[in-house]
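# Architecture at a glance
In case you want the letters, here they are:
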Amino acid sequence: MPTRPVERTVSLNVNGASASVTAMADTPLLHILRNDLGLNGPKYGCGLGECGSCTVLIDGVAARSCVIPFPAVAGRVVTTLEGLGTANDPHPVQRAFIAEQAAQCGYCLNGMIMTAKALLDRNPRPTDDEIRRELSGNLCRCGTHVEILRAVRRAASGSAP
Amino acid sequence: MTEHLNKDALFRRDSVLLIVDDIQPPPGLSARTAPRPMELGLFIAVCDDGAVHAFNGHVDLGTGIRTALAQIVAEELDLSPGQVNMVLGDTAVTPDQGATIASASIQISAIPLRNAAAEARRFLVEKAAGIFGVPAHDLVVTDGVVSTGRADDNRRLSYAELVRGDTVRLRVSGEAPLKPVDQYRVVGTGTPRIDIPAKATGTRTFVHDMRVPGMLHGRVIRPPYAGIDSGDFVGTSLLGVDRESIAHIPGIIDVVAIGDFVGVVAEREEQAIKAAKDLRLTWKPWSSKLPDLSSDLAGALRANPSKPRVVLDKGDVDAALAAADQRLRRTYVWPYQLHGSIGPSCAVADVGADGVKVWSGTQNPHLLRADIAWLLECPEDGVEIIRMEAAGCYGRNCADDVSADAVLLSRAVGRPVRVQLTREQEHVWEPKGAAQLMEVEGGLTAEGAVAGYDFATSYPSNGAPTLALLLTGRVEPVAAAYEMGDRTSIPPYDFDDMRVTINDMAPIVRASWMRGVSALPNTFAHESHIDELAFAAGVDPVEFRLRHLPDERAADLVKATAARAGWEPRTARRTIPPEGDILRGRGFAYARYIHSRFPGFGAAWAAWAADVAVDRKTGEVAVTRVVIGHDAGMMVNPDGVRHQIHGNVIQSASRVLKEQVSFEGSAVTSKEWGGYPIMTFPEVPDIDVLMMPRQHEPPLGSGESAAVPSAAAIANAIFDATGIRFRELPITAERVREALNPRALSDQSPAPLAKPRRRKWLVAGLAGLFGTVVGMGVTALPWRAPIAPIAPPGANTWSAETLERGRQLAALGDCAVCHTAADGIPNAGGLAMETPFGTVFSTNITPDVETGIGAWSFAAFDRAMRDGISRDGRHLYPAFPYTAFRGITEADMQALYAHLMSQPPVSHRPPETRLSFPFGLRPLMAAWNTLFLRNGTAEPIPERGAEWNRGAYLVNGLGHCAACHSPRNALGAEKTGAAFLAGGMVDGWEAPALNGLSKAPTPWTVDDLETYLTTGFSESHGVAAGPMGPVVAGLATLPKSDIRAIATYLTDLDGTATSGVAAAPVSISGGERIFQGACRACHSDGAGPTLFGVSPSMAANTNVHSDKPDNLARVILHGIQNPATPDLGYMPAFKDSFTDRQVADLLAYLRTGFAPDKPAWSGLENTVARIRANPGSH
């Protein structure tokens, strides 16, 4: 019989707060964020890093939380959608997505906003091609791409594109 | 989420105005559903606390109807939309208005709601009129406050005040005056969606986010007949469940098996995931039962039993065609497609003594309630479905399935259970958007008029019964035929002689409605065919349509769309000069989506003018621009309609160009986005939307209409560009390339196969060799003497410098890599290593006296290291690389001993190594040593310099690089000479050549190698994985000077590397599709996103250029879960998502695309199967 899986206790720094979590060592960060920390922003979409729904920032870089075991972020800074802003006081990127109504079902929205945030932090004035390239690994099935592109442009320029 | 409302409670409460009506719930979609009794539906509740609730039985599938319905209510009640709490699809409170299908929510189910709102307003205003003593028509209402509107009269009564102390229930009379359209303030203006701020900030919205106290996590395990839901094997195939197989996983609450339904419940989600993966089930053998759905879909559909249903027979089609001057007989084929929700379905169920509650993302809460009641054999009113938002479904996905799964698991454990389907389960088991076959014959008279139009369509789909009902045997797994192939089957053109036949048929694989149900395929055929007829008649296709289009609104739309696009009339295909290899074309198509039970009714009208660019070499098609005209009548929320149009254009273009479910044998093999790629941002066309101003016409459904003309518009544009008609979707690059360059295929002939291995000879040779060795072993060397045990020396025996030096040497020597079991304690042994001779388990090298090396003196340790003899005198197997360690200096050996003996002792006895005969005879190792154990140490070569010599010492000594990177002979000894460091195999991984035989596309430099050895990644070579991962982790702790020395020595080995080759993907194949969908985000060579971890280039990856595909196959199947350094990032394992053939396709693509100068790999599928079966221990 296989041996009992190894558990790890890790102190995480998520959205500026620290939390100690114990789970099987190979548990994806996504499940810890959702189930242990009650964060709904990152979504389970594929578990294979293909669709981007689970995107969070690790040390400011966009990361697929569904394929990263949670112990890997020990000592790093994790930011989720909730760490950007709230419904009453959204972050400028969230505000741009709301202003452009850039969601249909909205399931992929987390990944779009987090990826856009990471891009704009790195490159505040991206070209249209650069935006499309950055979002090329984020899937949207509703076909909200037009509004999402407008939202990223709006967030980059600070006003309507 | 707002307060949870309940109809009975509202009916019982005081101080409320309720607007109700007797409604007849629509019949269920499933044949099983009995006629449903009339019920008293609640539409509006105005409460004395200021709340105005409005109820609709439909749900918001992401189209924004929650906002649009709130606008309608707000308009009639003179409220702002934010004052209306729009409640959708909750069986405890909303009226049963059937499933949310056919774009009917605004067009049909909003009507009673609007009447109810008008009824409420009339009552409230009349009541205020009585209080104020003025006629009702003199009053005005602003944001729910009634007044006379006169400046001199400050009397005000809010709706809340008007209902206070009063309890009124009114039926919708239908006579309350509706607000005239020209007084609209809210309806018809762009209104921000109510739900988006919460979704953009992570507030709980989705059913996936639902958590209830005491909730457990469940996962289901589906049967092997992947994606098939009819046949006598359904529900009867499970033979056994081995509960012990998951006994090692903590937190397991239960395993539930009913018929073929299997689920696990655990305290934590990851525990349930692991249990679902590890649970061993035994299924009846199941053999191929499907027709060929891959290469002969038309044939499979023709052969599927069907019943013809003629829905239109006008004039005399046969006579007209017989008399025609030209007859065009054409066949159009639509593939199986996926709804492809981005979020796999999820539900939470709580089956308790006081009833059943299900939080669900269903499309049809009331029908799901009936299904759950049937499943549990309980009355419907004991079941409540609370509809929460879910990922867009575009039809029937797995939302109902997972709800029933959660119910079964919750019932079994008596606690609330959340079930999340996996991506693979959603892909494989969702009821597919059905394939469809359209066979059309059209005729033309000599004058170019249409002489007969004979259309037949075959649509194998039904309502896809909820899976748990089939798997548990509650519903017979008999495929029923549904009359749903008739949507938009009658063309919009007024031909004199016309026949339309629907071949109703049962599903072949599990299938149900998907956006544009049967209308998209039917219109693909109609609008492609009329384009052909137009050119055959020598008439411009837009002009030809207008000649036969009796519907004036349609004609207006067609003209307006053509004008907006700058349509240039043509009577034949235009021949635009190519720009390089790019051919450009434009196509037109029109349709009004006619839906619901035949003859149905019309939703919005739509027309497309599509521009395409076709690469005539690669065959790639880009839709560059779409001008789309749309007439939806009055648009409640024009912004919402515009977004629906955008979404429909993008999703349908994706379906037309890219999408097709793949099958192997009798199973669905599209299990993730590599097996089923969809359109991504770089491919999205420019979209120019023309919305016809029709605000005085009734509102029409807009959730699907814009997609309907897509396929024909794109196919017609490709014809304009290339002169080739594509009548089967998707129009992939392969199909276009093949059609444009029929001979190009021969360029892809596989490279000559490698010579078959002479296995028989090899075995004989081995035996012979071994015979010789046995002979020597018996005579040459006796058993060696044990060395006396000692008491373990204290940790203070050695200086800090010695211990640090020992630590570095242990890191260099990677002792812990082999002497640590998976998830085991470092150095406590037990790692299983597969060798050609059997499994070798590593030993415990912690200083434990009983099970480790605690009783070993330095002399015993030194002998083991140099001669491969254990303290007790037994020979060690050369899996332990003592052959390399002979050259270690005395001082280094002392330091290493000091380090190991100062570690904490761990009592752990690893499993005994058992090799197959005769390799299991340890004394034979003495003979082996005679042959292969070289005496003495290599002499330094002073002229190479100190750094080189230090590198040689580290590489060939404690570093024992050759143990993995040199090939071994038939007896497992490292080869020397030219084969030294020429690449080897270890634990199923290829350790690439480090000498001049390196397959690296770019020669290693000292800097590259130094970076690679310390970080595990080199831009020009890729990442360290498998057994090399922990090696790098160890090397990273060594002094930089030693790493530099290693790099200096290795890059100076004989030979020159092959020259660099640029990445040049040359063909689009199944493998490329998988690469695009599954791999490209992380391996885009700079053309994709910046993601955490490294993004290794495939072109630079040594493994792509190797003679063996093993390392690539291994990484694809098993992923990289333990990267060499934490900064590298992780790679998921695809073994549960790809079939062997898919991995083989992917490998073939990587090889031809990124190492085009190298011969193709052969036998890929077998290689993949072998590596899948032998996962190794790294």
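Residues numbered from 1 in each chain as written. Chains lettered and ligands numbered in written order. Predicted model: local features only at pLDDT ≥ 70, side-chain atom pairs only at ≥ 80, totals over all residues.

## Quick look at the overall build of chain A
Test applied: Strands are runs of DSSP state E lasting at least two residues, helices are runs of H or I lasting at least four, and both sets are numbered from the N terminus onward. Three classes are used. A residue is buried when 20 or more other C-beta atoms lie within 10 Å of its own, exposed when 12 or fewer do, and partly exposed in between, with C-beta atoms placed from the backbone. C-beta atoms are first placed from the backbone for all residues, and any pair lying within 7 Å is then listed as a contact.
In terms of regular secondary structure, chain A is built from 5 helices and 5 strands. For chain A, the N- to C-terminal ordering of α and β elements is β-β-α-β-β-β-α-α-α-α. Once the C-alpha set of chain A is aligned to its principal axes, its extents read approximately 60 × 30 × 25 Å. The burial tally for chain A puts 61% of its 161 residues in the buried class. Long-range contacts, defined as pairs at least 24 residues apart, comprise 56% of the intrachain contacts of chain A with a sequence gap of at least 6.

## Comments concerning the interface of chain A and chain B
Note the following rule: Residues are sorted three ways: Asp, Glu, Lys and Arg are charged, Ala, Val, Leu, Ile, Met, Phe, Trp, Tyr, Cys and Pro are nonpolar, and all the rest, Gly among them, are polar.
Taken together, the contacts link 71 residues of chain A with 70 residues of chain B. Contributions of two or more residues to the side of chain A that touches chain B are made by β2 (17-24), α1 (29-36), β4 (61-64), α2 (92-99), α3 (109-122), α4 (128-134) and α5 (145-157) of chain A. Residue contributions to the side of chain A that touches chain B peak at 5 residues, all from α3 of chain A. Its residues assigned to classes, the side of chain A that touches chain B shows 35 nonpolar, 24 polar and 12 charged.

## Some remarks on the domain arrangement of chain B
Residues and elements named next belong to chain B. Our working definition: For each domain, the first and last residues come from an automatic or database assignment.
Segmentation of chain B into domains returns domain 1 (7-192), domain 2 (207-288 + 339-429), domain 3 (297-318 + 326-337 + 434-746) and domain 4 (750-937). The straight-line distance from the C-alpha centre of domain 1 to that of domain 3 is 39 Å. Contacts between domain 1 and domain 3 engage 21 residues on the former and 25 residues on the latter. Secondary structure elements with two or more residues in the side of domain 1 that touches domain 3: α2 (65-77) and α3 (105-132). Ranked by residues supplied to the side of domain 1 that touches domain 3, first place goes to α2 with 4 residues. Looking at side-chain class alone, the side of domain 1 that touches domain 3 contains 10 nonpolar, 10 polar and 1 charged residues.

## Some remarks on the sheet that holds β4 of chain A
All names here are of chain A. How we decide: One bridge is not enough; two strands pair if DSSP finds at least two bridges between them. The convention used is that axes are lines fitted to C-alpha atoms, helices contributing only their stretch in contact, and that angles between N-to-C directions extend from 0 to 180 degrees.
The sheet built from 5 strands is open, its strands ordered β2-β1-β5-β3-β4 with mixed pairing. Among the strands making up the open sheet, the edge pair consists of β2 and β4. Each strand axis lies, on average, 45° off the axis of its neighbour in the sheet, ignoring direction. With 8 bridges connecting them, strand β1 (residues 7-14) and β2 associate as antiparallel partners. Across the sheet, residue Val10 finds its bridge partner in β2, namely Val21. With respect to the sheet, α3 is in contact with β3 (55-58) and β4, its orientation differing from that of β3 by roughly 30°.

## Topic: the domain arrangement of chain A
Residues and elements named next belong to chain A. On domain assignment, one finds that chain A holds domain 1 (7-83) and domain 2 (92-157). For domain 1 versus domain 2, the separation of C-alpha centres amounts to 21 Å. Taken residue by residue, the interface counts 14 residues in domain 1 and 13 residues in domain 2. The set of elements that each furnish at least two residues to the side of domain 1 that touches domain 2 consists of β3 and β4. Top contributing element to the side of domain 1 that touches domain 2 by residue count: β3, with 3 residues. Broken down by class, the residue content of the side of domain 1 that touches domain 2 amounts to 8 nonpolar, 5 polar and 1 charged.

## Remarks on α1 of chain A
In an α-helix there are 3.6 residues to a turn, and that puts residues three or four apart on one side. Within α1 of chain A, 6 of the 8 residues are buried, which leaves it mostly tucked inside the rest of the structure. Buried residues along α1 of chain A sit in contact with β1, β2 and β3 of chain A together with α6 (269-278) of chain B. Gly38 of chain A sits one or two positions beyond α1 of chain A and adopts a positive phi of about 65°.

## Topic: the sheet that holds strand β3 (residues 52-56) of chain B
All names here are of chain B. Spatial ordering of the open sheet is given by β4-β3-β2-β1-β8, a layout of 5 strands whose pairing is mixed. The open sheet terminates on both sides in strands that have one partner only, identified here as β4 (84-88) and β8 (167-171). Each strand of the sheet is rotated relative to its neighbour by a mean of 25°, with strand direction disregarded. In this structure, strand β1 (residues 16-23) lies alongside β8, joined through 5 bridges in parallel fashion. Looking at the pairing, Val20 lines up with Arg171 of β8. Where α3 meets the sheet, its contacts fall on β1, β2 (39-47), β3 and β8, and the angle it forms with β1 comes to roughly 140°.

## Brief notes about the packing of helix α16 (residues 638-657) of chain B against helix α17 (residues 710-722) of chain B
All names here are of chain B. Spelled out, the test is: Convention used here: angles under 35 degrees read as roughly parallel, angles over 145 as roughly antiparallel, angles from 65 to 115 as roughly perpendicular, and any remaining angle as oblique. Should the near helix be turned anticlockwise from the far one by less than a right angle, the crossing is left-handed, and should it be turned clockwise, the crossing is right-handed.
Where α16 meets α17, the axes come as close as 9 Å, and the angle between the chain directions of the two elements is 55°. As summarised for this structure, α16 and α17 are arranged oblique, according to the angle between their axes. Read as a crossing pair, α16 and α17 show a hand that is right-handed. Mapping the contact onto sequence places Ser652, Ala653 and Val656 in α16 and Ser710, Ala711 and Ile714 in α17. A per-class count over the contact of α16 with α17 returns 4 nonpolar, 2 polar and no charged.

## Topic: the packing of helix α33 (residues 1110-1118) of chain B against helix α34 (residues 1140-1154) of chain B
Residues and elements named next belong to chain B. In the contact formed by α33 and α34, the axes pass within 11 Å of each other and the chain directions differ by 130°. What the angle tells us is that α33 and α34 run oblique. Relative to α34, α33 is oriented so that their crossing is right-handed. On the side of α33, the interface is formed by Leu1112, Ala1113, Ile1116 and Leu1117, while α34 contributes Val1143, Leu1146, Leu1147 and Leu1150. Looking at the contact of α33 with α34 residue by residue, the class counts come to 8 nonpolar, no polar and no charged.

## Examining the confidence of the model for chain B
All names here are of chain B. Inclusion rule: Confidence of the predictor at the level of single residues is given by pLDDT, which spans 0 to 100.
Summarising the model, chain B shows a mean pLDDT of 88, and 91% of its residues fall at 70 or more. For the stretch residues 744-782, pLDDT sits under 50, and the model shows 31 contacts to residues farther than four places along the chain or on other chains. Note on residues 1055-1068: pLDDT is under 50 here. Beyond four places in sequence and across chains, it has 34 contacts. Scored by ipTM, the complex comes to 0.98, with pTM at 0.84.

## Concerning the pairing of strand β27 (residues 621-631) of chain B
All names here are of chain B. Taken across its 11 residues, β27 has 8 buried, putting it largely inside the fold. Pairing analysis gives 10 bridges linking strand β26 (residues 601-615) to β27, with the strands arranged antiparallel. The partner of Val612 across the bridge, within β27, is Val623. Where β26 folds back onto β27 in an antiparallel hairpin, the turn is made up of 5 residues, including Gly619, whose phi is positive at roughly 85°. Relative to strand β30 (residues 686-691), β27 runs parallel, the two sharing 6 bridges. Across the sheet, Gly629 pairs through a bridge with Leu690, a residue of β30.

## A short note on α5 of chain A
This is how it is decided: Every helix has an expected span of 1.5 Å times one less than the residues it contains.
Helix length check: α5 of chain A (13 residues) gives 18 Å between terminal C-alpha atoms against 18 Å at 1.5 Å per residue, within 8%. Along α5 of chain A, the residues that are buried comprise His145, Val146, Glu147, Ile148, Leu149, Ala151, Val152, Arg154, Ala155 and Ala156 of chain A. Check the buried side of α5 of chain A and you find it contacts α2, α3 and α4 of chain A together with α16 and β30 of chain B. Positive backbone phi, approximately 80°, marks Gly158 of chain A, located one or two places after α5 of chain A.

## Some details on the environment of Gly263 of chain B
Residue and element names in this part refer to chain B. Locating Gly263 in the fold gives a position in strand β12 (residues 261-266). Accessibility expressed as a C-beta count within 10 Å gives 26 for Gly263, which makes it buried. Between the C-alpha atoms of Gly263 and Arg222, which are 41 residues apart in sequence, the distance is 8.6 Å. Setting aside residues up to four positions removed in sequence, Gly263 forms contacts with Gly218, Arg219, Val220, Val256, Asp405, Leu408 and Leu409.

## Details of unusual backbone geometry
All names here are of chain B. Going from Phe598 to Pro599, the amide bond is cis rather than trans, its omega being 5°. With respect to the helices and strands, Pro599 occurs in the loop between β25 (582-595) and β26. Cis peptide bonds are those with omega within 30 degrees of zero, and the linkage from Leu729 to Pro730 qualifies with -10°. Inspection of the secondary structure assignment puts Pro730 in the loop between α17 and α18 (733-740).

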